[in-house]
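# Structural overview
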Amino acid sequence: MTDEELVVEFALTRLDNPGLDLEEVAALVVRRVGADRMLEFASRNLATRGELRGAVFPSAVEHVLRVVLTLRGPAD
């Protein structure tokens, strides 16, 4: 999944759940994309952080947040 596709998935999930904060939306995205994508996201996040081990679900959620916030750009 490309970063752009991930941002679209995040945006659609946020539209469906407007009352949730960003981390809760990211967790929903990780749950929706399934186990294979969750492992992909977690491994990308751990590689970015330079770590060899970590909990899969929280690492995957962190990756989603990192991508969304990075592509969103600087805060105004």
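This section reports on the structure supplied with the text. All figures in this text were calculated on a predicted structure; none of them were measured in a lab.

From N to C terminus, the protein chain includes four helices and zero strands. Relative to the globule expectation of 11 Å for 76 residues, the C-alpha radius of gyration of the protein chain, 12 Å, shows essentially globular dimensions. Taken over the C-alpha atoms alone, the protein chain extends approximately 35 × 30 × 20 Å along its principal axes. Residue pairs at least 24 apart in sequence account for 44% of intrachain contacts in the protein chain once pairs closer than 6 positions are excluded. Total accessible area on the protein chain is roughly 4900 Å²; 56% of this is exposed by carbon and sulfur atoms.

Tracing the backbone shows leucine 6 in helix α1 (residues 3-16). The exposure class assigned to leucine 6 is buried, which follows from its relative accessible area of 1%. As a C-alpha pair, leucine 6 and valine 68 span 62 residues in sequence and 7.8 Å in three-dimensional space. The contact partners of leucine 6, leaving out residues within four places of it in the chain, are Met1, Val29, Phe41, His63, Val64 and Val67.

Let's shift gears to the pattern of salt bridges. Evaluated as defined, the whole model comprises seven salt bridges. Notably, a salt bridge pairs arginine 32 with aspartate 16, separated by 3.9 Å at the nearest N-O pair. Within this pair, whereas arginine 32 is found in helix α2 (residues 22-33), its partner aspartate 16 is found in helix α1, the two being separated by 16 residues in sequence. Judged by relative accessible area, which is 45%, arginine 32 ranks as partly exposed. Of the residues examined, aspartate 16 reaches a relative accessible area of 55% and is grouped as exposed.

Another aspect to go through is the packing of α1 against α2. Here α1 crosses α2 at 115°, and the two axes come no closer than 9 Å. Classified by the angle their axes make, α1 and α2 are roughly perpendicular. As α1 packs across α2, the resulting crossing turns out to be right-handed. Counted together, Leu6, Glu9, Phe10, Thr13, Arg14 and Asp16 of α1 and Leu22, Val25, Ala26, Leu28, Val29 and Arg32 of α2 form the full contact between these two elements.

Another aspect to go through is the side chain of serine 59. As for its position among the elements, serine 59 is in helix α4 (residues 56-72). Not counting residues within four places of it along the chain, the set of residues in contact with serine 59 comprises Phe41, Ala42, Asn45, Leu46 and Gly54.

Turning our eyes to something else, we now look at the environment of leucine 12. Within the secondary structure layout, leucine 12 lies in helix α1. Along the sequence, leucine 12 and valine 29 sit 17 residues apart, while their C-alpha atoms lie 9.4 Å from each other.

About the thresholds
Residues numbered from 1 in each chain as written. Predicted model: local features only at pLDDT ≥ 70, side-chain atom pairs only at ≥ 80, totals over all residues. Heavy atoms only, no water. Helix = DSSP H or I, 4+ residues; strand = E, 2+ residues; numbered from the N terminus. Rg over C-alpha atoms; globule rule 2.2 N^0.38 Å. Contact = heavy atoms within 4.5 Å. Areas by Shrake-Rupley, 256 points an atom, 1.4 Å probe, with all protein chains shown as cover. Buried < 20%, exposed > 50% of the residue type's maximum accessible area, 1.4 Å probe, protein only. Salt bridge = Lys/Arg side-chain N within 4 Å of Asp/Glu carboxyl O. Axes fitted to C-alpha atoms, helices over the stretch in contact; angles between N-to-C directions. Parallel < 35°, antiparallel > 145°, perpendicular 65-115°, else oblique. Left-handed = near helix turned anticlockwise from the far one by under 90°.

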